[in-house]
Amino acid sequence: MTFCIIGRSSKPCEQCFETAGAKSTSTRSSSESKWKRQQENLSVGDCVVIIDPSLMTATGRWPLGRVTKVHLGQDDMVRVAYVRTACRMYTRPIVKLVSIHVKEYVPPADDGPASTA
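What counts, and at which threshold
Residues numbered from 1 in each chain as written. Predicted model: local features only at pLDDT ≥ 70, side-chain atom pairs only at ≥ 80, totals over all residues. Heavy atoms only, no water. Salt bridge = Lys/Arg side-chain N within 4 Å of Asp/Glu carboxyl O. Buried < 20%, exposed > 50% of the residue type's maximum accessible area, 1.4 Å probe, protein only. Patch = residues over 30% accessible without salt bridge, like charges linked within 9 Å, V, L, I, M, F, W, Y side chains within 5 Å. Areas by Shrake-Rupley, 256 points an atom, 1.4 Å probe, with all protein chains shown as cover. Helix = DSSP H or I, 4+ residues; strand = E, 2+ residues; numbered from the N terminus. Contact = heavy atoms within 4.5 Å. Core = buried A, V, L, I, M, F, W, Y, C linked by side-chain atoms within 4.5 Å. Pairing = 2+ DSSP bridges.

The next thing to look at is the pattern of salt bridges. According to the stated counting rule, one finds two salt bridges in the structure shown. With a shortest N-O distance of 2.4 Å, D75 and R79 are connected by a salt bridge. Judged by its relative accessible area of 42%, D75 is partly exposed. Exposure remark for R79: the relative accessible area of 40% places this residue in the partly exposed category.

This is the structure in structure tokens:
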């Protein structure tokens, strides 16, 4: 409970409650919007980082892995993924995975041997 410091009163200040209510309403609406935004589904072969405090390495890095299998929910959205890392396999919900978009390396075109004149 918040008490008014300005008026030195021991009664709760209505103005403080109104301000706190406005802050919590704006926070609530911004958190709800993330669930309404359509995101791309994870698929087999995607590179991901596993966000799990128990898996953080001694150097402070999250494990990197590749999705090997996915499970869809009733809404045909991926909910769980199997991830293979360098050490082992993990089964994690997608809220614990961050997709890393990896660009394929294409070497520069080789025009043949360089000539010296």
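Let us now look at a nonpolar patch on the surface. Taken together, the side chains of L64, V98, I100 and V102 make up a nonpolar region of the molecular surface, amounting to roughly 340 Å² of accessible area. Of note, I100 is situated in strand β5 (residues 97–100). Classification of I100 by relative accessible area gives partly exposed; the value is 34%.

A few words now on the environment of L55. Residue position: L55 is located in the loop between β1 (47–50) and β2 (64–72). Excluding residues within four positions of it along the chain, L55 makes contact with I50, R61, P63, Y90 and R92.

Let us look at the nonpolar core. Counting residues in each nonpolar core, the largest one holds 10 residues, listed as L42, V48, I50, L55, V67, V78, A81, V83, Y90 and L97. For this core, the secondary structure elements donating two or more residues are β1 and β3 (78–85). The element that contributes the greatest number of residues to this core is β3, accounting for three residues. If sequence neighbours within four positions are ignored, I50 has contacts with L55, W62, P63, V83, T85, Y90, R92, K96 and L97.

On to the pairing of β3. In terms of strand pairing, β2 meets β3 through seven bridges, oriented antiparallel. Bridging from a neighbouring strand, L72 pairs with V78 of β3. Counted along the chain from β2 to the antiparallel partner β3, the turn is five residues long, and its residue D76 has a positive phi close to 60°. For β3 and strand β4 (residues 89–93), the ladder comprises five bridges, and the chain directions are antiparallel. Bridge assignment links V83 to a residue of β4, and that residue is Y90. Linking β3 back to β4 in an antiparallel pair, the connection comprises three residues.

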